[in-house]
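# Fold and contact review
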Amino acid sequence: MTAIRLDVLAIGNAIVDVIANSTDDFLAEEGLDKGSMRLIDAEEATRLYGKMRTGRETSGGSAANTAAGIAALGARGGFIGQVSDDELGEIFSHDIRSLGVEFVTPAAQGGIPTARCLILVTPDAQRTMNTFLGASQHLHVAQIDEDQVKSAAILYLEGYLWDPEEPRKAMERAIQVARGAGRKVAFTLSDSFCIDRHRDGFNGLIDQGKIDILFANEAEIKSLTGEDDFDKAVALTQTRVPLLVVTRSEKGAIAVEKGEKVAVAAEPVAKVVDTTGAGDLFAAGFLAGHAQGRSNADALRMGAIAAAEVISHYGARPETDLKALVAQRMG
């Protein structure tokens, strides 16, 4: 049996974020729904980039952000995702490895460029994301290192990557390998638009018992169940997965396991600057705590602390010592 050497192995889109300040008027002019995420093609990515204010580039991608947070918390993280052999691909690869995340997926040679997400941040700290998936949507089964999957205590998957057929098959194979090795599988619903496109597929994963830990936010759990009432949506879902984790922004977060529900308040933040990556870092904190054998209450608290740190500055990667921050606040 393969020994465990990673706490969490994440699979997701390998994206470089371009973050710039924006105004509500600009969003309106572009017909963009504030706080949403949409997929765009290469032509639209070029057009919109030309109209954005000066931005900053930082490696991103939902599951990649979570892997970065895992490493920042002192846990052992890995990541599987597809970049191309171009400048942005080199930036992504360098960034994630420099954080201590194991990233061994070979870059694609030539062809489709590395993915990028154009993020417009309005004064109220809401982020509106415009994503060109590029090479990331061509992750295929052959790129899954099965020994790496077997070596991770938890396999973590992002719903964003479920859209294209190639990576969906790769993720399905990874789930099969992980479960065959007796490992846990965690899944994040990612966004309501993902649920709208793949509700049957996501429900299939849940009902087939392939998901051990399900992450969602309030809007996503309502969308998955078709229930407008939050408590009813949670009640309908908690019996279908061993562990359900739901974030509620400023209202905190809950976890339900075997009928036992625990909740934590949101961590105080002096000023919310950019909400990009809040859910990703929350998942990092919770998964790191879970991997360390902490209680669900403590894992929720770790998630809240990590999320609060990342929304206090631009970008979806932590800028302070998360491990030290958690130790300071939790004792």
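The preceding data block contains the structure.
Source: prediction; values computed, not measured.

## Structural notes on the pairing of strand β13 (residues 253–257)
If a strand is regular, its side chains alternate between the two faces of the sheet. Across the five residues of β13, four count as buried, placing the element largely inside the fold. Inspection of the sheet shows strand β12 (residues 243–247) paired to β13 by five bridges, in the antiparallel sense. Each residue of the ladder has a partner; that of L244, found in β13, is V256. In this antiparallel pair of consecutive strands, β12 and β13, the connection spans five residues, and S249 shows a positive phi of 55°. From the end of β13 to the start of strand β14 (residues 260–264), which pair antiparallel, there are two residues, and K258 there has a positive phi angle of about 50°.

## What about the pattern of salt bridges?
Within the structure shown, the criterion is met by 20 salt bridges. Across the pair E165 and K169 runs a salt bridge whose closest N-O atoms are separated by 3.1 Å. Separated by four residues within a single helix, E165 and K169 lie in helix α6 (residues 165–180), roughly one turn from each other. By relative accessible area, which is 44% here, K169 ends up partly exposed. Through salt bridges with shared partners, one network takes in E30, R38, E44, R47 and K51.

## Comments concerning the environment of E267
Examined against the element boundaries, E267 turns out to sit in the loop between β14 and α10 (278–291). Judged by relative accessible area, E267 falls into the buried class, the value being 13%. As for E267 and S249, which are separated by 18 residues in sequence, their C-alpha atoms are 10.0 Å apart. For E267, the residues in contact, after removing those within four places along its chain, are R301, A304, I305, A308 and R329. A polar side-chain atom of E267 sits 2.6 Å from a polar atom in the side chain of R301. A distance of 3.2 Å separates a polar atom in the side chain of E267 from a polar atom in the side chain of R329.

## Some thoughts on the side chain of D17
Along the chain, D17 falls in strand β2 (residues 15–21). For the buried residue D17, which engages in no salt bridge, the nearest side chain bearing the opposite charge is R317, 6.8 Å off. Apart from residues lying up to four places away in sequence, D17 is in contact with R56, E57, T58, S59, G60, G61, C117, I119 and A316.

## Notes on the pairing of strand β10 (residues 184–188)
The element β10 is extensively covered by neighbouring structure, given that four of its five residues are classed as buried. Each parallel crossover has a hand, and for strand β9 (residues 152–158) linked through α6 to β10 it is right-handed. For β10 and strand β11 (residues 213–217), the ladder comprises three bridges, and the chain directions are parallel. From the neighbouring strand, F187 faces β11, where its bridge partner is L214. Following the backbone out of β10, through helix α7 (residues 192–207) and into the adjacent parallel β11, one traces a crossover that is right-handed.

## Section: the sheet that holds strand β4 (residues 56–60)
In space, the five strands of this open sheet follow the order β3-β8-β7-β2-β4, with mixed pairing throughout. One side of each edge strand has no neighbouring strand; the edge strands of this open sheet are β3 (37–39) and β4. Between one strand and the next, the sheet's axes are offset by a mean angle of 25°, whatever the strand orientation. Here strand β7 (residues 115–121) runs beside strand β8 (residues 127–132); their pairing, made up of six bridges, is antiparallel. Bridging from a neighbouring strand, R116 pairs with F132 of β8.

## Remarks on the environment of Q82
Topologically, Q82 is positioned in the loop between β5 (77–80) and α4 (87–98). Using a relative accessible area of 3% as the deciding quantity, one classes Q82 as buried. Each C-alpha atom of the pair Q82 and P167 lies 9.4 Å from the other, and the pair is 85 residues apart in sequence. The contacts of Q82, once residues within four sequence positions are left out, are A14, T105, P106, A107, A108, A135, S136, H138, L139 and Q143. A polar side-chain atom of Q82 sits 3.0 Å from the main-chain carbonyl oxygen of P106. For Q82, the side chain forms a polar contact with the side chain of Q143, separated by 2.7 Å.

What counts, and at which threshold
Residues numbered from 1 in each chain as written. Predicted model: local features only at pLDDT ≥ 70, side-chain atom pairs only at ≥ 80, totals over all residues. Heavy atoms only, no water. Buried < 20%, exposed > 50% of the residue type's maximum accessible area, 1.4 Å probe, protein only. Helix = DSSP H or I, 4+ residues; strand = E, 2+ residues; numbered from the N terminus. Pairing = 2+ DSSP bridges. Salt bridge = Lys/Arg side-chain N within 4 Å of Asp/Glu carboxyl O. Contact = heavy atoms within 4.5 Å. Polar contact = N/O pair within 3.5 Å; in protein donor to acceptor, adjacent residues only side chain to side chain. Lys, Arg positive; Asp, Glu negative; His and termini not counted. Right-handed = clockwise from strand over helix to strand, strands pointing away. Axes fitted to C-alpha atoms, helices over the stretch in contact; angles between N-to-C directions.

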